[in-house]
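The chain contents come next:
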Amino acid sequence: MNAPNGKSGRLAFRNARLIDPASGLDAKGGLLVENGRIADIGPRLFNDADRGDPEIIDCRGLVLAPGLIDCRVFTGEPGSEHRESLASASEAAAAGGVTTIVTMPNTNPVIDEPSLVDFIRRRAQATAKVRVAPMAALTRGLAGEIMTEIGLLKEAGAIAFTDGDRTVANARVMRRALSYAATFDALVVGHAEDPELVEGAAITEGEFATRLGLPAAPALAEAIIVERDIRLVELTGARYHFGQISTRAALDAIAEAKRRGLPITCGVAAHHLLLNELDVGAYYTFRKVKPPLRSEADRAAMVEGVANGIIDVIVSSHEPQGADTKRQTFASAAFGAVGLETLLPAALNLFHNGDASLPHLLAALTATPARMLGLPYGTLAKGAPADLVLLDPDEPFQLDEQALHSRARNTAFEGRKFQGRAQRTFVAGECVFSRA
Amino acid sequence: MTSASLPPILKTSHLLGIEGLCVPEVTALLDLGESYVAQSRAPNKKAAVLKGRTLINLFFEASTRTQSSFELAGKRLGADVLNMSVKTSSVSKGETLIDTASTLNAMRPDILVVRHQDSGAAELLSRKLDCSVINAGDGAHEHPTQALLDALTIRRRLGHIEGLTVAICGDILHSRVARSNIRLLAMLGAQVRLIAPRTLLPAEAERFGVEIFTDMKRGLAGVDIVMMLRLQLERMTGAFVPSAREYFRFYGLDREKLSYAKPGALVMHPGPMNRGVEIASDIADDLEVSVIAEQVEMGVAIRMAVLDALARGMP
């Protein structure tokens, strides 16, 4: 991956609440960073005396955890840099405690060639503050017809294969792509919305959509594809991750698939944990997301899924849009909301509501995505890269969209009151964000 | 003298596949093939075992190599050989396969050699015709003379087949050559491995009693024989394999991958080759390892043996 240049000096954290979901550690103590890696960690580290290190950070009891890994980030680079570049996305990530962003291939041009994967990695190396792990397209041009060169793309550094927010409609193409991906033990990330059913729809079908008079699609458009792809995984043996789910029906189907031992995982976007279809309110386009906000019962199911672990990862589904695409009528506006800076506060909402413990939530943002993607991050183990977030789980704040670091400001959480956020963020031991 | 007076080699009057043959039949065919290698290298290549017999080559799929191999085999054994070109026949005018069979039957051939794009075509013709039918390749089902010529090539080079490990690499899914070879090599006591991306492996292929690999280097480790298969161009543009360059990178036979095989391992290919797709040019041309030209020579000999064997059962 593309780490900014690691510091060669030593950095010591003391007086922290160390939470390492990978090892189950949750204890007071200290952590030592050397040459960008975690050199030591322990409950008694630096308690009595500092060891003469040049730089010591007193955490004053705040949580020190592995930096977050966001598995679903759309940027505008290449092609739409006015919405978001890798550099601006990395600013937002750092401010959100996110140290690795997994980028989607839905750019212009689409990331479907080994040379383009190489381009993303080089650009990230040159411009981004956090690590960038690019996904490549599963089918050429995201057209759902011809599989990409999964072997060569993987060698070039593609971490997984996805058509982003597009569903491969043709089951024969999907079957062969999964089969081919299994050959290379490549992870396929799917989007579950039956493309014909959701064609032209802006919102979930139901009473509220009817009252607003908006074109709508039934929520089961998700379960249809989830169930299809579970069957195809069973046939092909491919490792498969549903990028984000949003309905009870999908959750139940995935729970059953996991019980049967299939190599399936799934994610949920932070906004599907906190918002429901009613939050669209008076045609509020910043809450037009893909898949759309669902019923309250489905939202509650997503919280339940995170709590019981059926949902493996929480993602931002960060999708920057500009005034040109959002200052429109609801039906014509583009889908998507930025989310890198609200991922952690939104996830902490579940902790404050008593739905899940802090280590459990952090696991879904660190250790679990790292394991799923085969990344060496998301852990406080000795020797691991020192990607860290120092977070205050309790600090109350109200989201001010003008204060966002992302180039685009289309947040679904404008004005929302949160509790808890990142204070400082470190990539390879180097501070990339510090809240003033 | 004709061979009809000699003791029979095959139990049936057709050669439709390796399936149904037994070890003594195969061994006798290979032995007979061996004698025809010598005859084909002599100045006078002619024999009279098929004197007066008529052989019809009916090729629904173009195949210069197999068709001329059968033609030469028939002629060297003294038969009258007729090549039916499907392009200019009534088949291309919409005649059904059964009608074609009836027409051919009325011409009273002794042996029909058929190549067809559909599996089961040779079987169908064998039920409708009075003559002997040889399957020269039907769909993705069988190509028995290819497997026999491969076995003869291996046996001549290494002296035996039992106990060898043979890797068959490439488009197994669509390959009749692979299916016939799997059957024959297993029957003769070889260990067979299949190496291909999962998109080119047929369902439940392990039921053939083979080992399956998707990683070519692991699959080639320690093998005695590497059999490459042809990958048709239309299958490497995204439906089964994303591109020719990716296929060559992971499944094309080059020096590096070949180095994982046993030292001195032989490389085979049924032809025609796609150089730079499934096999590197320098390997195909390296006479130390490539037996591709020898396979062609064995092809004529083994087809003479098959024709001879079938003639022995004729009235």
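Residues numbered from 1 in each chain as written. Chains lettered and ligands numbered in written order. Predicted model: local features only at pLDDT ≥ 70, side-chain atom pairs only at ≥ 80, totals over all residues. Heavy atoms only, no water.

Brief notes about the interface of chain A and chain B
The test is simple: Residues count as neighbours in contact if any of their non-hydrogen atoms are within 4.5 Å of one another. Take the accessible area each of two parts loses on contact, using a 1.4 Å probe, and add the two losses: that sum is the buried area. A pairing counts as a salt bridge when a side-chain nitrogen of Lys or Arg comes within 4 Å of a carboxyl oxygen of Asp or Glu. By the criterion applied in these results, polar contacts are pairs of N or O atoms within 3.5 Å in which, for protein atoms, one can donate a hydrogen and the other can accept it, and in which residues neighboring in sequence qualify only through two side-chain atoms. Where helices and strands are cited, they refer to DSSP runs of H or I of at least four residues and of E of at least two residues respectively, numbered from the N terminus.
Listed by partner, the interface residues are 18 residues for chain A and 16 residues for chain B. Summed over both partners, the interface of chain A with chain B buries about 1,400 Å², with 53% contributed by carbon and sulfur atoms. Interface area lost by chain A to chain B is led by R176(A), Y180(A) and T183(A), which between them contribute 35%. At the boundary of chain A and chain B, one finds three salt bridges. Measuring nitrogen to oxygen at the nearest pair gives 2.2 Å for the salt bridge that ties R249(B) to E155(A). Applying the counting rule to chain A against chain B returns nine residue pairs in polar contact (both at pLDDT 80 or more). Of all elements in the fold, only α3 (150-156) and α4 (171-183) of chain A reach the threshold of two or more residues within the side of chain A that touches chain B. Element by element, the count of residues in the side of chain A that touches chain B is highest for α4(A), at five residues.

Remarks on the pairing of strand β1 (residues 54-59) of chain B
Looking along a regular strand, one sees side chains alternate from face to face of the sheet. All names here are of chain B. Where we set the bar: Burial classes follow relative accessibility: with a 1.4 Å probe on protein chains only, a residue under 20% of its type's maximum area counts as buried, one over 50% as exposed, and anything between as partly exposed. When DSSP finds at least two bridges between two strands, those strands are taken to pair. The handedness of a crossover follows from its direction of travel: if, with the strands pointing away from the viewer, the path from the first strand over the helix to the second runs clockwise, the crossover is right-handed.
In terms of burial, β1 is largely enclosed, as five of its six residues are buried. In the sheet, β1 pairs with strand β2 (residues 80-85) via six bridges, with the strands oriented parallel. Across the sheet, L58 pairs through a bridge with M84, a residue of β2. Following the backbone out of β1, through helix α2 (residues 64-76) and into the adjacent parallel β2, one traces a crossover that is right-handed. Looking at chain direction, β1 and strand β3 (residues 111-116) are connected through five bridges and run parallel. Residue pairing for β3: L55 is matched across the bridge by I111.

Some remarks on the sheet that holds strand β6 (residues 68-73) of chain A
Residues and elements named next belong to chain A. The line we're drawing: All axes are obtained by fitting lines to C-alpha atoms, using only the stretch in contact for helices, and the reported angles, taken between N-to-C directions, cover 0 to 180 degrees.
Taken in spatial order, the three strands make up an open sheet running β6-β7-β8, and their pairing is parallel. At either margin of the open sheet sits one strand with a lone partner, and together these are β6 and β8 (131-134). Across the sheet, the mean angle separating the axes of adjacent strands is 25° when strand polarity is ignored. In this structure, strand β7 (residues 98-103) lies alongside β8, joined through four bridges in parallel fashion. Each bridged residue has a counterpart across the sheet, and for T100 the counterpart in β8 is R131.

Regarding a nonpolar patch on the surface
Residue and element names in this part refer to chain A. The condition is simple: Each patch is built from residues that are more than 30% exposed by relative accessible area and take part in no salt bridge. Like charges join if they lie within 9 Å; nonpolar side chains (Val, Leu, Ile, Met, Phe, Trp, Tyr) join within 5 Å. A 1.4 Å probe and the Shrake-Rupley method give the accessible areas. Residues count as covered only by the protein chains that appear here.
Residues L197, L220 and I224 make up a contiguous nonpolar surface patch of roughly 240 Å² in combined accessible area. On the secondary structure map, L197 appears in helix α5 (residues 195-198). Assessed through its relative accessible area of 34%, L197 is described here as partly exposed.

With respect to the sheet that holds strand β14 (residues 264-269) of chain A
Residues and elements named next belong to chain A. Reading across from one edge, β9-β10-β13-β14-β15 is the order of the five strands in this open sheet, with parallel pairing throughout. Each edge of the open sheet carries a strand with a single partner, namely β9 (161-162) and β15 (313-315). Bridge analysis of strand β13 (residues 239-242) against β14 gives three bridges, and the strand direction is parallel. Each bridged residue has a counterpart across the sheet, and for H241 the counterpart in β14 is T265. On top of the sheet, helix α8 (residues 248-259) reaches β13 and β14; it is set at about 150° to β14, its chief contact.

Focus on the packing of aromatic side chains
All names here are of chain A. Rules: Aromatic pairing here means that ring centres of Phe, Tyr or Trp (its six-membered ring) are within 6.5 Å. Orientation follows from the plane angle: under 30 degrees is stacked, over 60 is edge-to-face, and everything else is tilted.
Scanning the model with the defined rule gives eight aromatic pairs over all chains in all. Each ring, one from F13 and one from F426, has its centre 5.0 Å from the other, and the planes form 90°; the classification is edge-to-face. Taken together, the residues F13 in strand β1 (residues 10-20) and F426 in strand β17 (residues 417-427) connect sequence positions 413 residues apart. Neither residue differs from the other here; F13 and F426 are each classed as buried.

Describing the pattern of salt bridges
Enumeration over the complete set of coordinates arrives at 48 salt bridges over all chains. Between E19(B) and R183(B) there is a salt bridge, with the nearest N and O atoms lying 2.9 Å from each other. With E19(B) in the segment before α1 (23-41) and R183(B) in helix α6 (residues 176-187), the pair connects residues that are 164 residues apart, well separated along the chain. Taking relative accessible area as the criterion, E19(B) reaches 58% and is therefore assigned exposed. Residue classification places R183(B) among the buried positions, given a relative accessible area of 19%. For the salt bridge of D285(B) with R275(B), the shortest nitrogen-to-oxygen distance reads 3.0 Å. Highlighted residues: D285(B) in the loop between α10 (281-284) and α11 (292-312) and R275(B) in the loop between β9 (266-268) and α10, separated in sequence by 10 residues. What makes R275(B) partly exposed here is its relative accessible area of 43%. Residues participating in the shared-partner salt-bridge network are R231(A), E234(A), E256(A), R259(A) and R260(A).

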